[in-house]
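Tertiary structure, described
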Amino acid sequence: MCCGSSSGGQRGEIQDALDIEANLFGNSELKHEPINTREALRKNRFAGRKPKVPIAPVASRKLPASAPPAPRIAPIPAPIIKDNELNLEFVRLTLQDPLTSTLLTTVRSRKRRDKNRQIIVEGRRLIQEALQCGLKMEALLFSQKEQLALVKEEVGFAQLETGTKIYKVPQHDLKTWSSLVTPPGLMAIFDRPSDKGLDKNLAEQQRLGSEPLPITVVCDNIREPNNLGSIIRTCAALPCSQVVVTHGCCDPWESKALRGGCGGQFRVPIRDDVTWEELALTIPPEAADDCHVFIAESNQRKRENNQTIDYADIQGLGAHNLLIIGGESHGVSEDAYRFLNLVGGKGKCIYIPLAAGIDSLNVASALTLLLFELRRKLNQQASAKN
């Protein structure tokens, strides 16, 4: 038994030796090839990566379907309220209403108002005056029903004739929008007076025997809105042919100027932002050869260099007359004196004699004296011709 086991073990060892020898001789037949280091590194770098999938052209790609955009929700318009007691229709606006911001921009932006040729009128009396003069009211804003009731007849007619919009806004917003210290609670957006409307007012004045005088008042360096408004009010009361507001003066359509004018801006033609080079073009062509120019001057030093007379001694007025008046702080500009020199002997300085120690009058008060004296002299010349 032991011999059999021993012989079996020897045969196993011999077989193992033969297998090893066969492997050695088999490997010896392989040819040795040198290794390229760069190639080996490249293979190792991409060894663990997945092969790239070729990208299809954009046109052939199918993009995943995206969710449709959410529908835009249009703002719900404010409801129209029909007031049977006032017989008016109005819209109640809130701060979130987009129309509120649109109205605010119109009210507060002078650039927008000038572009649209619109003005802002505040207060019952001034709104009634504008409607009486035929101005078109685009919109009326109020905060309390009692205030709307004060103008219900005029506004109701405007709503029927021209489609005026009426809006109720919170009292706080109306105070914020107003440029006045004490807002009256009524604010309206009007179109500026048109030539057609002014011609209609002129025809009405002529019917009543109030022919405009051949006088143009030229405002120079008027920086205070209340003073400019008062000047326009006086010119409308005379009445003058027109008012010229030169470049550098305040805005004659600003709220304070409108209140100072008490409706004068609605009754007399106004040319604003006129340069001195353009001033000659405002003279009526038929009277250009016989136009006299007067400068109202309270400064004695300036009067010494020009032909000067007492306002009560004015004689020989022209077919048309320009009266230039300056502001209280800056006075008449040098541009005005250069324009005066263009007309030669037809140009004069005029002054109002004052008591000792008094330098000047308020510009509106001085203009009132000068204009009514000019009107008296013109009436005297007309009577002498007849």
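Structural notes, computed from the coordinates. (Residues numbered from 1 in each chain as written. Predicted model: local features only at pLDDT ≥ 70, side-chain atom pairs only at ≥ 80, totals over all residues. Heavy atoms only, no water.)

1. Notes on unusual backbone geometry
Residue P239 is reached from L238 by a cis peptide bond, and omega for that bond is -5°. If you trace the backbone, P239 turns up in the loop between α10 (225–237) and β8 (240–246). The phi dihedral of N221 is positive, around 60°, even though this residue is not glycine. Residue position: N221 is located in the loop between β7 (213–220) and α10. Located in the positive-phi region is C262, a residue other than glycine, with phi close to 50°. Examined against the element boundaries, C262 turns out to sit in the loop between α11 (255–261) and β9 (270–274). According to the relative accessible area criterion, C262 is partly exposed, its value standing at 39%. (Helix = DSSP H or I, 4+ residues; strand = E, 2+ residues; numbered from the N terminus. Buried < 20%, exposed > 50% of the residue type's maximum accessible area, 1.4 Å probe, protein only.)

2. Describing the nonpolar core
Most often, soluble globular proteins keep nonpolar side chains buried together rather than apart. With 60 residues, the main nonpolar core has L140, F190 and L371 as its most contacted residues. With 7 residues, helix α14 (residues 363–385) is the largest single contributor of residues to this core. Two domains each put at least three residues into this core: domain 1 (80–192) and domain 2 (196–385). Dropping the residues within four chain positions of it, L140 is found in contact with I127, L148, V151, V155, T164, K165, I166, Y167, L186, M187 and A188. With 17 residues, the next largest nonpolar core counts V274, W276, I295 and V332 among its residues. (Core = buried A, V, L, I, M, F, W, Y, C linked by side-chain atoms within 4.5 Å. Domains from an automatic or database assignment. Contact = heavy atoms within 4.5 Å.)

3. Digging into empty space enclosed by the protein
To locate leftover empty space, one rolls a probe as large as a water molecule over the atoms. For the structure shown, the criterion picks out 1 cavity of 30 Å³ or more. In this structure, the largest cavity spans a volume of roughly 40 Å³. Taken together, R110, R113, D114, Q118, I119, R192, D251 and W253 form the lining of the largest cavity. Taken together, the elements giving at least two residues each to the lining of the largest cavity come down to α4 (110–116) and β3 (118–122). The biggest single contributor to the lining of the largest cavity is α4, with 3 residues. Considering only residue class, the lining of the largest cavity consists of 2 nonpolar, 1 polar and 5 charged. (1 Å grid on protein atoms, 1.4 Å probe; cavity = no way out; pocket = protein on both sides within 12 Å on 5 of 7 lines; lining within 4 Å. Points joined across faces, edges and corners; volume = space filled by probe spheres on them. Nonpolar A, V, L, I, M, F, W, Y, C, P; charged D, E, K, R; others polar.)

4. A closer look at the sheet that holds strand β1 (residues 80–83)
Sheet strands associate in pairs through backbone hydrogen bonding, adopting either a parallel or an antiparallel arrangement. What the 6 strands build is an open sheet, ordered β1-β2-β5-β4-β6-β3; its pairing is mixed. In this open sheet, the two edge strands, each paired with only one partner strand, are β1 and β3. Taking each pair of neighbouring strands and ignoring which way they run, the sheet shows an average axis angle of 25°. In the packing of helix α7 (residues 152–162) onto the sheet, the strands contacted are β2 (88–92), β4 (137–142) and β5 (165–168), and the crossing angle to β2 comes to about 85°. (Pairing = 2+ DSSP bridges. Axes fitted to C-alpha atoms, helices over the stretch in contact; angles between N-to-C directions.)

5. Focus on the pairing of β7
For β7, the buried fraction is high: 7 of the 8 residues fall into the buried class. As defined by bridge partners, β7 adjoins β8 across 5 bridges and the pair is classed as parallel. Across the sheet, residue L213 finds its bridge partner in β8, namely C240. Each parallel crossover has a hand, and for β7 linked through α10 to β8 it is right-handed. Alignment of β7 against strand β12 (residues 320–326), held across 6 bridges, turns out to be parallel. Across the sheet, V217 pairs through a bridge with L323, a residue of β12. (Right-handed = clockwise from strand over helix to strand, strands pointing away.)

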